[in-house]
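Each chain, letter by letter, is given below.
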Amino acid sequence: MKQTTLNDCRLIELDTIGHQRRGNLTVCENGYNMPFDVKRVYYLYDVPGGESRGGHSHRELHEMIVAVSGSFTVTLDDGKEKRSYMLNRSNKGLHIVPGIWRTLDDFSSGAVCLVLASDKYIEADYIRLYEDFLESKSEN
Ligand code: TYD
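An account of the accompanying structure is given in this report. These figures come from a predicted structure and were not determined experimentally.

1. Some points on the layout of surface pockets
- Approximately 170 Å³ is the volume attributed to the largest pocket.
- Those elements that provide at least two residues to the lining of the largest pocket are strand 4 (40-45), strand 5 (53-58), strand 6 (63-69) and strand 10 (101-105).
- Top contributing element to the lining of the largest pocket by residue count: strand 5, with 3 residues.
- Class assignment of the residues belonging to the lining of the largest pocket gives a composition of 6 nonpolar, 2 polar and 4 charged.

2. Thoughts on the packing of aromatic side chains
- Taken as a whole and assessed by the stated rule, the structure comprises 6 aromatic pairs.
- With a centroid separation of 5.7 Å and an interplanar angle of 35 degrees, the aromatic rings of Tyr 43 and Tyr 45 are classed as tilted.
- By relative accessible area, Tyr 43 is classed as exposed at 51%.
- Judged by its relative accessible area of 48%, Tyr 45 is partly exposed.
- Three or more aromatic residues link up through ring pairs in this structure, and these residues are Trp 101, Tyr 130 and Phe 133.

3. Digging into the pattern of salt bridges
- Under the definition given, this model contains 4 salt bridges.
- A salt bridge links Arg 102 to Glu 63; the shortest N-O distance between them is 2.8 Å. One end of the pair, Arg 102, is in strand 10; the other, Glu 63, is in strand 6, with 39 residues separating them in the sequence. The burial state of Arg 102 is the same as that of Glu 63; both residues are buried.
- Across the salt bridge formed by Arg 128 and Glu 123, the nearest N and O atoms sit 2.8 Å from each other.
- Residue Arg 128 is classed as partly exposed on the basis of its relative accessible area, which comes to 42%.

4. Describing the site of the ligand
- Taken together, Arg 40, Tyr 42, Leu 44, Arg 53, Gly 54, His 56, Tyr 121, Tyr 126 and Arg 128 are the residues near the ligand.
- Contact between the ligand and Tyr 126: an oxygen atom at 3.0 Å from a side-chain N or O atom of the residue.
- For the ligand, whose unbound accessible area comes to 530 Å², protein coverage reaches 60%.
- Of all the elements in the fold, those that place two or more residues in the shell around the ligand are strand 4 and strand 5.
- Per-class residue counts for the shell around the ligand are 4 nonpolar, 2 polar and 3 charged.

Rules and cut-offs
- Think of each chain on its own: its residues are numbered from 1, step by step along the sequence as written.
- With the structure being a predicted model, the display of local features is reserved for residues of pLDDT at least 70 and the display and counting of side-chain atom pairs for 80 or more, all residues being used for whole-chain, interface and lining totals.
- Hydrogens and water are ignored here; the side-chain numbers use all heavy atoms of the structure.
- In this analysis the probe radius is 1.4 Å and the grid spacing 1 Å, with only protein atoms considered; a cavity is a set of points the probe fits into but cannot get out of, a pocket is an open set with protein on both sides within 12 Å along at least five of seven lines, and lining residues have an atom within 4 Å of a point.
- Grid points are joined across faces, edges and corners, and a volume is the space filled by probe spheres set on the points.
- The helix count covers DSSP runs of H or I at least four residues long, the strand count covers runs of E at least two residues long, and both are numbered beginning at the N terminus.
- Each residue gets one of three labels, nonpolar for Ala, Val, Leu, Ile, Met, Phe, Trp, Tyr, Cys and Pro, charged for Asp, Glu, Lys and Arg, and polar for the others, Gly among them.
- Classification of ring pairs rests on two measures: the distance between centres of Phe, Tyr or Trp rings, Trp counted by its six-membered ring, which must be within 6.5 Å, and the angle between planes, read as stacked under 30 degrees, edge-to-face over 60 and tilted in between.
- Here's how the labels work: a residue is buried when its accessible area is under 20% of the maximum for its type, exposed when over 50%, partly exposed in between, all with a 1.4 Å probe on protein chains only.
- Salt bridges, as used here, are contacts in which a Lys or Arg side-chain nitrogen is within 4 Å of a carboxyl oxygen on Asp or Glu.
- For this purpose, a residue is taken to be near a molecule or strand whenever a single non-hydrogen atom of the residue falls within 4 Å of it.
- Pairing of N or O atoms within 3.5 Å defines a polar contact, subject to two protein rules: one partner must be a possible hydrogen donor and the other a possible acceptor, and residues neighboring in sequence count only if both atoms are side-chain atoms.
- With residues, only the protein chains shown are counted as cover, and all accessible areas are computed by Shrake-Rupley using a 1.4 Å probe.

In structure tokens form, the structure reads like this:
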């Protein structure tokens, strides 16, 4: 986890099957276009303007974040530098590897943040204090 950096996180273009009259369909499939196997899906919605989510890192968990509706900003931090992504496309997924501090804010009205995760909810996998995160990045 110590070794992961912002360069290990990337935006993934998800296959979209579009149809002029019938709309679009985007696929996330284990073993096909997902960089990890998905075990859990959750989504954030009705986030009031000005509210911030996230504010933690994970020890082992991989996540992919998709703005399936509306927009929001994801700021990633590897302890050395930060990078922000404005997500506003339903066919773009941001893959976040373990060991990256993430903050989500600037939610537009009606935004829905879909999160695909590599494991079930395990509170012990969270690092919720920034100083603990920095310490984890400097451990041998
Ligand atoms: P948290 O991860 O802190 O939310 P966010 O990072 O989006 O601000 O989770 C908020 C609450 O929901 C916390 O009490 C844990 C709980 N929770 C679950 O029970 N299962 C889950 O899969 C997730 C993601 C959160």
